[in-house]
Amino acid sequence: DDNYIQLHNLVMNGSFESDYTNWIKEAGDSGNSINTTNKKFNTKSSSRVTSSTSNTNYLSQSVSLETGHKYYYFMYGYTDSTTNQTITSSINNFK
């Protein structure tokens, strides 16, 4: 379709190669850390360790979008737990 504009990497440092540069960590966040063992692309990823008292740690980033364009979004998640785990990702404040 001629109406598509090809855009790449709207999320800056999406593979965490520069640790948490361009990412906003929740105030007081101690659950996220850089991981070099489990990764999808390149050499790093972000790991989140949760417990019953620290399950709200999150990372965020603002991305500018243009009205009238279609955008596709994906993420990868991994869990090595044998118990039920949920990996979530969301888009908030879309205007």
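Provided above is the structure to which this section pertains.
Conventions used here
Residues numbered from 1 in each chain as written. Predicted model: local features only at pLDDT ≥ 70, side-chain atom pairs only at ≥ 80, totals over all residues. Heavy atoms only, no water. Helix = DSSP H or I, 4+ residues; strand = E, 2+ residues; numbered from the N terminus. Contact = heavy atoms within 4.5 Å. Polar contact = N/O pair within 3.5 Å; in protein donor to acceptor, adjacent residues only side chain to side chain.

Describe the environment of Asn-42, with residues and values.
With respect to the helices and strands, the residue Asn-42 is situated in the loop between β2 (32–35) and β3 (45–48). The spatial distance from the C-alpha of Asn-42 to the C-alpha of Phe-16 is 8.9 Å, given a sequence separation of 26 residues. For Asn-42, the residues in contact, after removing those within four places along its chain, are Ser-15 and Glu-17. In this structure the side chain of Asn-42 is engaged in a polar contact, spanning 3.2 Å, whose partner is the side chain of Ser-15.

Tell me what's going on with the environment of Tyr-73, and back it up with residues and numbers.
For Tyr-73, the position within the fold is in the segment after β4 (59–60). Between the alpha carbons of Tyr-73 and Ser-90 there is a distance of 9.8 Å; along the sequence they are 17 residues apart. If we ignore the near neighbours within four places in the chain, the residues touching Tyr-73 are Ser-89, Ser-90 and Ile-91.

Everything listed is a geometric property; what it means functionally is a separate question.
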